[in-house]
There are 4 protein chains.
Amino acid sequence: MIRIGIIGGAGYTAGELCRLLLNHPEAEIVFVNSESNAGNLLTDVHEGLYGETDLRFTDKLPFEDVDVVFFCFGHGKSTQFLSEHYIPADIRIIDLAQDFRLAAEDNDYVYGLPELNRNLICGAQHIANPGCFATCIQLGLLPLAEAGLLQGDVSVNAITGSTGAGVKPSATTHFSWRTGNMSIYKPFAHQHVPEIKQSLRQLQPNFTGEIDFIPYRGDFPRGIFATEVLTCDAPIEEIETLFTDFYSEAPFTHYVTRAIDMKQVINTNKCLIHAEKHGNKLLITACIDNLLKGASGQALQNMNLMFGLEETTGLRLKPIAF
Amino acid sequence: MIRIGIIGGAGYTAGELCRLLLNHPEAEIVFVNSESNAGNLLTDVHEGLYGETDLRFTDKLPFEDVDVVFFCFGHGKSTQFLSEHYIPADIRIIDLAQDFRLAAEDNDYVYGLPELNRNLICGAQHIANPGCFATCIQLGLLPLAEAGLLQGDVSVNAITGSTGAGVKPSATTHFSWRTGNMSIYKPFAHQHVPEIKQSLRQLQPNFTGEIDFIPYRGDFPRGIFATEVLTCDAPIEEIETLFTDFYSEAPFTHYVTRAIDMKQVINTNKCLIHAEKHGNKLLITACIDNLLKGASGQALQNMNLMFGLEETTGLRLKPIAF
Amino acid sequence: MIRIGIIGGAGYTAGELCRLLLNHPEAEIVFVNSESNAGNLLTDVHEGLYGETDLRFTDKLPFEDVDVVFFCFGHGKSTQFLSEHYIPADIRIIDLAQDFRLAAEDNDYVYGLPELNRNLICGAQHIANPGCFATCIQLGLLPLAEAGLLQGDVSVNAITGSTGAGVKPSATTHFSWRTGNMSIYKPFAHQHVPEIKQSLRQLQPNFTGEIDFIPYRGDFPRGIFATEVLTCDAPIEEIETLFTDFYSEAPFTHYVTRAIDMKQVINTNKCLIHAEKHGNKLLITACIDNLLKGASGQALQNMNLMFGLEETTGLRLKPIAF
Amino acid sequence: MIRIGIIGGAGYTAGELCRLLLNHPEAEIVFVNSESNAGNLLTDVHEGLYGETDLRFTDKLPFEDVDVVFFCFGHGKSTQFLSEHYIPADIRIIDLAQDFRLAAEDNDYVYGLPELNRNLICGAQHIANPGCFATCIQLGLLPLAEAGLLQGDVSVNAITGSTGAGVKPSATTHFSWRTGNMSIYKPFAHQHVPEIKQSLRQLQPNFTGEIDFIPYRGDFPRGIFATEVLTCDAPIEEIETLFTDFYSEAPFTHYVTRAIDMKQVINTNKCLIHAEKHGNKLLITACIDNLLKGASGQALQNMNLMFGLEETTGLRLKPIAF
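Residues numbered from 1 in each chain as written. Chains lettered and ligands numbered in written order. Predicted model: local features only at pLDDT ≥ 70, side-chain atom pairs only at ≥ 80, totals over all residues.

**Q** Would you explain the overall build of chain A in this entry?
**A** When helices and strands are counted, chain A shows 10 helices and 13 strands. The C-alpha radius of gyration computed for chain A amounts to 19 Å, which stays within 12% of the reference 20 Å derived for 322 residues, consistent with globular compactness. Overall, the C-alpha framework of chain A stretches about 60 × 45 × 35 Å when taken along its three principal axes. Here chain A, with 322 residues, has 61% of them falling under the buried criterion. Partitioning the intrachain contacts of chain A with sequence separation of at least 6 by distance along the chain shows that 71% fall at a separation of at least 24. (Helix = DSSP H or I, 4+ residues; strand = E, 2+ residues; numbered from the N terminus. Rg over C-alpha atoms; globule rule 2.2 N^0.38 Å. Buried ≥ 20, exposed ≤ 12 C-beta atoms within 10 Å, placed from the backbone. Contact = placed C-beta atoms within 7 Å.)

In structure tokens:
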């Protein structure tokens, strides 16, 4: 059994990780650290766990009892935590924040997108788990990058569920405001664009275009749905072959020949992708569950790979569908 | 023109009042007081007002310039405000909080339910505007009380929109939690029960039953929908006549012979009521918009009556319908 | 491997059954019968299945290849189907419609509520799977019935998701009408009341009260949330013990000491129950996922019991939570 | 009083027109034609009208009693209706379908976008009311076209409420499917693109770019929210001045310097527009209520202009806000 510690345990991604791990046949949760909730039951904080666990939050960090820790902090806090705490070198770390996603000289974290870096992940000690938007948008472009087909700027519109904004209540997650509403934020300036470009250039080093990304606030709790448009001369048949081949070994990422809708992936670790040509414009649609393939599910997929387990262990999830 | 001051101007009921008053042909907003927003445009805070006003919030209280003030405080704060500020005796007050709803020796506020107290309201200097749940539930029972037909306990289930919980974000108004969810709060203990009982006893002094009220948190922003069940021997035809007669002069409250649904009243000042007999059980359904007939709309209806205007002035609103 | 046939395969409950069975370690789907969809891929009709199956609908009925068939018809059609088709006697049947739920002289179907009839189900050849509302409402009352504590009428309000109304589009499942709306239907006359009474009388034969049930149309896709009120003199501690003891062996049904909310059970086969006393009134809240514990999940739970499997096989589902 | 006939009276746009006209001080509804509903009360079909009208649908067409008729047909049926019925030449027609929106030799219908064609509308006998998407998208581009600033292709993403799909239930308006879901339809091929291009070329004849329009199905009932991106060298200050000047006389269309959200216009006849520059990309956001400025509200605005009334008569609506 892989012994697991979770730090930053009161947030949405930690809760989702717990919901996954409680059904994982090869893993057990040893501790869930949350200073503000120390002593409380997990079931007091995380929805959906009655009858599944009697575990309580702790303010302790018994690293000696675990094989891997998941950082479920807000962005920027992983670095701070590491500067304040000693973690034994043999403990693996999977960081769900963005602190280590971009390559740097002293950064030994592997960017944890299995479709891109499966072999590196299998041998990694430290993983930087990709961002939710970044996962969805990249998966819709990587096969094109591998074929060197990216040219010009890519126009991306993607809409996210409210869980992407975290558990802390705010004006833009207030139900009264958000329900039946539509708005955008950080257009052309979202923090996930650099990691997307990094991955694309890993496969197509000469790609110098922009990712013109407009993020929308969706009036739904889970999911990301993205449309991506770029100029492309290749015929649709070639595109479809590229995608099908590129993801032929990926257990969760599938190219679909029909139009897709977002709820087809909700509560799963899947990414669905569909492509159409309109004149010389290529339109890609892609969707994921932001808390699963976009966060905790992919983190667990990475853990499975790091520990030599079947990649899908504990991740064959019943889709919500409705 | 009736000159109006609004105090507690940043909340939902104040915003709704502004949206109404800007189209009211006989009223003008003189000031909207909000300490935390002083200097900001109303359009910075209240949705839907672009193009309708250049007014700014103030931290001043120029009572000498107004004929009536609306208190849009949280409950309990009206009393506190009055203890700390002098309001000239000739200024009328309409209090949307619950501070003065229950009769007391030194309480000169008239309970502002026009269907019950129209004549008193017309001559009132001070109005205690009814609670949202209280309005909906009472209107479904008053004709029975007038006929002396209330007996035993009344079983009431009513569901409210998230705007009923106010503008301040909280765990139970977080979109992620509330959307697609259902829950109850304060069962058998909601603060509106005493004012409901007071009104029923005003018409049927011998009513001693309980109002067994279970409030639900609805996953919609506006509206209250209530079902009320009591034992009743009268035939449905008699019930229908009672309701139709009782509300014959009420411009916003209507008895409907078909089943009703909540969106029929959203964005209106209406209350719709329907009744059915099942054996000796009488089932009443009633619905209102909690921010209009349940708060700011009724407050304006009271103002119209106090100032001798046509009761519906500024309140002939297009229903949202969808 | 248990070999499975599904008849009436294009509806919501059939889809949910497929989503469950594709991850069930001891079962395999042999055929999914749907005349109107014969030849089409399951993925063309049922959301969420891309990447999980290449199965196609069939208009054949190869009973010789299966161990059990699930009837996913609309109500009334199971009887008709059986009158028109021969099913070998050794094939087990699990009927999700209501045709065989009420005991009758020539009815050999066991009422498939494991919390009530576990032993009978284990030996059953034919199962009548309970109704969704009936499951939720009964589970909130059975421990009281066993203790002989039911007295007088029970006031029940319960709200259901739109999937309860089936896949066929209609006026009351139109998104434009239903979203943000609230309404009731069939008050005091819902077709599930007789099976509720039957179960209650199985445990408390002298119960003669009414189930005054008001069903609400919820503006959410999945879930049932019920409140049940009855007069009861027993103290809350005794009630809590009754519920905890009654469900001590039930893997999916849990008594919870805190207030519950509906999303805690969505996408699970659980039922959560909470009780409060207010004066001499006992308030029970209970919730389930209408497509799982209220339909396909419970059907699979019954299959597990019939075939001697661990009751929870294939039903340890990640809650949606948000 | 302007006497009004409505044909195709059972659909969403007809219902919205009725809800508006019942409060219009200078107009009265003479007949609402609907063959399938002849004899039924308007309140039986159209939400929100209890207490406002006793009018019934008719299968008659008393053209002699009206000054103007509104065609609320599905697209294509206006032409058919006109070929089958004689309408006296002095009766004005406002057609909400798309039959006459594109200029043609024998087409005397004026394209009814007041911000573009106010003077023509004032003198028109026949109006082709613009499409909902077309209205929102155009209003975000017209000031640029007038200044000759359109160059290259325009990337447009716009999301619409379910009422845009009409009253007839279908798979994609089924609540179970649509709620919490996201999908696109007719990408690069929506029927409103030609009328958008026609308007843009009216102001900038040399515009030859494409409108790369991706329509989204929103999980809300009302509203359209659009983002539009194009290459533009002009500084943001110039853009803001262009928009402010272009719409200086428009009572319902406003340029806003802050980011906008869709609910700010719901239940109003407004269009809000906001612009940002990011590098040499210009991002426009625009939003309307699809049933009001996108259909029935704009139709009434056109009627006001045709009959010499104040443009805003009957259209000063309380925003829903929440």
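**Q** Just to check I follow, could you spell out the relation of the copies chain D and chain A for this structure?
**A** One copy of the chain maps onto the other through a rotation about an axis followed by a shift along the same axis. You can overlay chain D on chain A at an RMSD of 0.0 Å; the transform is a turn of 180 degrees with a shift of 0.0 Å along its axis. What we have between these two chains is a two-fold relation. Of the residues that chain D buries at the interface, 97% are likewise interface residues in chain A, meaning the two copies contact each other through the same surface. (Least-squares fit on C-alpha atoms with pLDDT ≥ 70 in both.)

**Q** Even after reading the chapter, I still don't get the sheet that holds strand β8 (residues 183–184) of chain C, so can you show me in this structure?
**A** Pairing between the strands of a sheet is mediated by backbone hydrogen bonds and can be parallel or antiparallel. Residue and element names in this part refer to chain C. Read across the open sheet, the seven strands follow the order β8-β9-β7-β10-β13-β12-β11; overall the sheet is mixed. In this open sheet, the two strands that pair with only one neighbour each are β8 and β11 (253–255). With eight bridges connecting them, strand β10 (residues 224–231) and strand β13 (residues 281–288) associate as antiparallel partners. Residue pairing across strands places F225 opposite C287, the latter belonging to β13. (Pairing = 2+ DSSP bridges.)

**Q** I'm lost on the pairing of strand β3 (residues 68–71) of chain C in this one. Help?
**A** A regular strand carries its side chains on alternate faces of the sheet. Residues and elements named next belong to chain C. The alternating pattern of β3 places V68 and F70 on one face and V69 and F71 on the opposite face, and all of these are buried. Bridge count for strand β1 (residues 2–7) against β3 is four bridges, and the pairing is parallel. Bridge pairing in β3 places I6 opposite F70. Where β3 and strand β4 (residues 92–95) come together, four bridges link them in parallel fashion. The residue bridging F70 from the neighbouring strand is I94, located in β4. Remark: the β3/helix α3 (residues 77–84)/β4 crossover connection has right-handed handedness. (Right-handed = clockwise from strand over helix to strand, strands pointing away.)

**Q** It is not clear to me how the nonpolar core should be interpreted in this structure. Could you clarify?
**A** When a protein is soluble and globular, its nonpolar side chains tend to lie buried together. Core analysis: the largest hydrophobic core is formed by 429 residues, its most contacted members being C136(A), C136(B), C136(C) and C136(D). When near neighbours in sequence (up to four residues on either side) are disregarded, C136(A) contacts A158(A), I224(A), A226(A), C271(A), A286(A), C287(A), I288(A) and G294(A). (Core = buried A, V, L, I, M, F, W, Y, C linked by C-beta atoms within 7 Å.)

**Q** Teacher, can you tell me more about the interface of chain B and chain A here?
**A** Note on interface size: it is often stated as the accessible area lost on association of the parts. Between chain B and chain A, the residue contacts involve 12 residues of the former and 12 residues of the latter. A class-by-class count of the residues in the side of chain B that touches chain A yields four nonpolar, seven polar and one charged. (Nonpolar A, V, L, I, M, F, W, Y, C, P; charged D, E, K, R; others polar.)

**Q** Even after reading the chapter, I still don't get the interface of chain D and chain A, so can you show me in this structure?
**A** At the junction of the two partners, chain D supplies 31 residues and chain A supplies 30 residues. At the level of elements, β7 (154–160), α7 (175–178), β8 (183–184), β9 (211–217), β10 (224–231), β12 (271–278) and β13 (281–288) of chain D are the ones that each hand at least two residues to the side of chain D that touches chain A. In the side of chain D that touches chain A, the residues fall into 14 nonpolar, 11 polar and six charged.

**Q** What should I look at first to understand helix α1 (residues 12–21) of chain A in this one?
**A** Because an α-helix packs 3.6 residues into every turn, residues spaced three or four apart end up facing the same way. Residues and elements named next belong to chain A. Most of α1 sits inside the fold, with 10 of its 10 residues counted as buried. Those residues of α1 lying buried are Y12, T13, A14, G15, E16, L17, C18, R19, L20 and L21. Structurally, α1 contributes buried residues whose contacts are with β1 (2–7), β2 (27–33), α2 (42–45), β3 (68–71) and α10 (292–306).

**Q** What exactly am I supposed to notice about the domain arrangement of chain A here?
**A** All names here are of chain A. We note that the domain assignment places domain 1 (2–130 + 293–306) and domain 2 (133–290) within chain A. Here the C-alpha centroids of domain 1 and domain 2 sit 25 Å apart. Contacts between the two partners involve 16 residues from domain 1 and, on the opposite side, 26 residues from domain 2. When contributions to the side of domain 1 that touches domain 2 are tallied by element, the ones reaching two or more residues are α4 (114–122) and α10. Top contributing element to the side of domain 1 that touches domain 2 by residue count: α10, with six residues. Grouping the constituent residues of the side of domain 1 that touches domain 2 by class yields seven nonpolar, six polar and three charged. (Domains from an automatic or database assignment.)

**Q** Help me understand the packing of helix α1 (residues 12–21) of chain D against helix α10 (residues 292–306) of chain D in this model?
**A** For any two helices packed against each other, the geometry is given by the interaxial angle and the distance between the axes. Residue and element names in this part refer to chain D. For the pair α1 and α10, the least separation of the axes is 9 Å and the interaxial angle reads 50 degrees. With respect to their mutual orientation, α1 and α10 come out oblique. The way α1 lies across α10 gives a crossing that is right-handed. On the side of α1, the interface is formed by T13, E16, L17 and L20, while α10 contributes L292, A295, S296, G297, A299 and L300. (Axes fitted to C-alpha atoms, helices over the stretch in contact; angles between N-to-C directions. Parallel < 35°, antiparallel > 145°, perpendicular 65-115°, else oblique. Left-handed = near helix turned anticlockwise from the far one by under 90°.)

**Q** What should I look at first to understand the sheet that holds strand β8 (residues 183–184) of chain A in this one?
**A** Residue and element names in this part refer to chain A. Pairing in this open sheet of seven strands is mixed, and the strands run β8-β9-β7-β10-β13-β12-β11 from one edge to the other. Every interior strand has two partners, whereas the edge strands, β8 and β11 (253–255), have only one. With respect to the sheet, helix α9 (residues 236–246) is in contact with β11, β12 (271–278) and β13 (281–288), its orientation differing from that of β12 by roughly 165 degrees.

**Q** Could you clarify how one ought to interpret the environment of G152(D) in this entry?
**A** Residue and element names in this part refer to chain D. The topology assignment puts G152 in the loop between α6 (142–146) and β7. Judged by the 12 C-beta atoms lying within 10 Å of it, G152 falls in the exposed class. When the C-alpha positions of G152 and N33 are compared, they lie 46 Å apart, and in sequence the two are 119 residues distant. Leave out the neighbours within four places in its chain, and G152 touches G209, L230 and T231.

**Q** Looking at this structure, I do not really get helix α10 (residues 292–306) of chain C. What am I missing?
**A** All names here are of chain C. Its 15 residues place the ends of α10 only 18 Å apart at the C-alpha level, less than the 21 Å of an ideal helix rising 1.5 Å per residue. Remark: the principal bend of α10, roughly 45 degrees, maps to Q298. By the criterion of burial, α10 is predominantly enclosed, with 15 of the 15 residues buried. Downstream of α10 by a residue or two, G308 has a phi angle that is positive, lying close to 70 degrees. (Expected span 1.5 Å × (residues − 1). Bend = angle between axes of the 7 residues up to and from the residue.)

**Q** I would appreciate a short explanation of the packing of helix α5 (residues 132–139) of chain B against helix α8 (residues 193–203) of chain B in the present structure.
**A** Residue and element names in this part refer to chain B. Contact pair α5 / α8: the axes reach a minimum separation of 9 Å and the direction vectors enclose 35 degrees. Considering how the two elements wind past one another, α5 and α8 form a crossing that is right-handed. Contacts from A134, I137 and Q138 of α5 reach α8 at E195, I196 and S199.

**Q** What is the right way to read the environment of A134(C) from this model?
**A** Residues and elements named next belong to chain C. Along the chain, A134 falls in helix α5 (residues 132–139). With 26 C-beta atoms packed within 10 Å, A134 lands in the buried category. Residues A134 and T312, 178 residues apart in the sequence, show an inter-C-alpha distance of 21 Å.

**Q** What am I meant to see in unusual backbone geometry here?
**A** Of all residues except glycine, most have a negative phi; of all peptide bonds, most are trans. Residues and elements named next belong to chain D. With phi around 45 degrees, K186 is a residue other than glycine that occupies positive phi space. In this structure, K186 sits in the loop between β8 and α8 (193–203). Positioned with a positive phi, N267 is a non-glycine residue whose angle comes to about 65 degrees. As for its placement among the helices and strands, N267 is situated in the loop between β11 (253–255) and β12. Under the C-beta neighbour-count criterion, N267 is labelled buried, with 27 such atoms within 10 Å.

**Q** How should I be thinking about the environment of H174(B) in this particular structure?
**A** Considering the arrangement of structural elements, one finds H174(B) in the loop between β7 (154–160) and α7 (175–178). Each C-alpha atom, one on H174(B) and one on L113(B), is 32 Å from the other, the two residues being 61 residues apart in sequence. In this view, H174(B) contacts P169(A), T173(A), F175(A) and P169(B); residues no more than four positions away in its chain are not counted.

**Q** In this structure, what is going on with the pairing of strand β4 (residues 92–95) of chain B? I would like to understand it.
**A** Residue and element names in this part refer to chain B. Judged by which residues are buried, β4 turns out to be covered on both faces: R92 and I94 on one side and I93 and D95 on the other are all buried. Note that β4 and strand β6 (residues 126–128) share three bridges and pair parallel. Pairing of D95 across the sheet is with A128, part of β6.

**Q** Just checking my understanding: could you explain the confidence of the model for chain A for this structure?
**A** Regions with low pLDDT carry predicted coordinates that are not meant to be interpreted in detail. Of the residues in chain A, 100% have a pLDDT of 70 or more, and the chain-wide mean is 97. In the predicted assembly, ipTM is 0.97 and pTM is 0.98. (pLDDT = per-residue confidence, 0-100.)

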